Amino acid sequence: MSLEESAKVTIPGLKQMKQDGRKITMLTAYDYPTAVLLDKAGIDILLVGDSLGMVVLGYENTLPVTMDEMLHHTKAVKRGCKRGLIVGDMPFLSFNVDSTQTIENAGRFIKEGGAEAVKLEGATEPVLRTIRCLVEAGIAVMGHIGLTPQLVHQMGGFKVQGREKESAELLIEGAGKLEDAGAFALVLEGIPADLARIITQKLSIPTIGIGAGPHCDGQVLVTHDLLGLSGAPKPKFVKQYASLHPLILSALSSFRQEVLEGKFPTDEYSYH
Ligand code: KIV
């Protein structure tokens, strides 16, 4: 049995993985071909992250991303994914503004996009209220604390969080509150490894780390980063498993050169 044919990933299954000490894998997907590849590779969770804005749409940060953009890409991912659990990332101001609108937006990820859960950033009282409300409405929620990119301006940039005792304690407290509010898993982004270990040990729901060290129950990366697609300098926490940027550039340049020189198409690529 191939990895993609193995059992469909479910939320209870993810909780079981934590209990059994089996690591969870999550990667971002924004389109059909990537979803097919991630599913073939046996990745457990496909996150349609709002990193879409920076990675695919060329925005400076994730703030401009809209619900319509997220849904467009979630639907494409859904068409390519059979086994992995699809999580749709709620973009900035799509939640926490008005509770009816929040449920409507989260519901669109499930009903229109085909996602099985949504993710939202933060652990403030309004976010906790939102999570309780969504869970009561039957929508599964993944939390996200630490470096939360939607607060880029308040954080003064993309900076590691929880380095000081006070902020570390706030993150530990926030993680507990997110579990109590009904989140089924938690992304820990950009925090010291020891802090992620403490949070992971305290919670019964799985933690999934990005730039949060090895002690989390699972790991997530932005797929374009691990494939080395952008050619831009990479953050410390990213391991590049491939370097596709120069490879693709070389293929594109070769095509251009061969067309200019009349070397493509040859007879082999022509109909008669
Ligand atoms: O939007 C995203 O890709 C994310 C991951 C980095 C966790 O939130």
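Because the structure is a prediction, the values reported are computed rather than measured. (Residues numbered from 1 in each chain as written. Predicted model: local features only at pLDDT ≥ 70, side-chain atom pairs only at ≥ 80, totals over all residues. Heavy atoms only, no water.)

(A) A look at the site of the ligand. Every residue lining the ligand is accounted for by T28, L47, G49, D50, S51, D89, K119, H144, V187 and I210. With respect to the ligand, the side chain of D89 contributes an N or O atom lying 3.2 Å from an oxygen atom. One of the side-chain nitrogen or oxygen atoms of K119 is found 3.0 Å away from an oxygen atom of the ligand. Its free accessible area being 260 Å², the ligand has 95% of it covered by the protein chains. Using a 2 Å cut-off from the grid points, one finds that the ligand occupies the largest pocket. Residues belonging to the shell around the ligand are distributed by class as follows: three nonpolar, four polar and three charged. (Near = heavy atom within 4 Å. Polar contact = N/O pair within 3.5 Å; in protein donor to acceptor, adjacent residues only side chain to side chain. Areas by Shrake-Rupley, 256 points an atom, 1.4 Å probe, with all protein chains shown as cover. 1 Å grid on protein atoms, 1.4 Å probe; cavity = no way out; pocket = protein on both sides within 12 Å on 5 of 7 lines; lining within 4 Å. Sits in = over half its atoms within 2 Å of the grid points. Nonpolar A, V, L, I, M, F, W, Y, C, P; charged D, E, K, R; others polar.)

(B) Region of interest: the pattern of salt bridges. The final tally for this structure, using the stated rule, is 11 salt bridges. Residues K119 and D89 are paired through a salt bridge, measuring 3.0 Å at the closest nitrogen-oxygen approach. Of this pair, K119 sits in strand β4 (residues 117–121) while D89 sits in strand β3 (residues 85–89), and the two are 30 residues apart along the sequence. No difference in accessibility class separates K119 from D89, as the two residues are buried. (Salt bridge = Lys/Arg side-chain N within 4 Å of Asp/Glu carboxyl O. Helix = DSSP H or I, 4+ residues; strand = E, 2+ residues; numbered from the N terminus. Buried < 20%, exposed > 50% of the residue type's maximum accessible area, 1.4 Å probe, protein only.)

(C) Focus on the environment of K159. You can see K159 is positioned in the loop between α7 (152–155) and α8 (165–181). Judged by its relative accessible area of 45%, K159 falls in the partly exposed class. Residues K159 and T28, 131 residues apart in the sequence, show an inter-C-alpha distance of 21 Å. Polar side-chain contacts of K159 include one of 3.1 Å to the backbone oxygen of G156.

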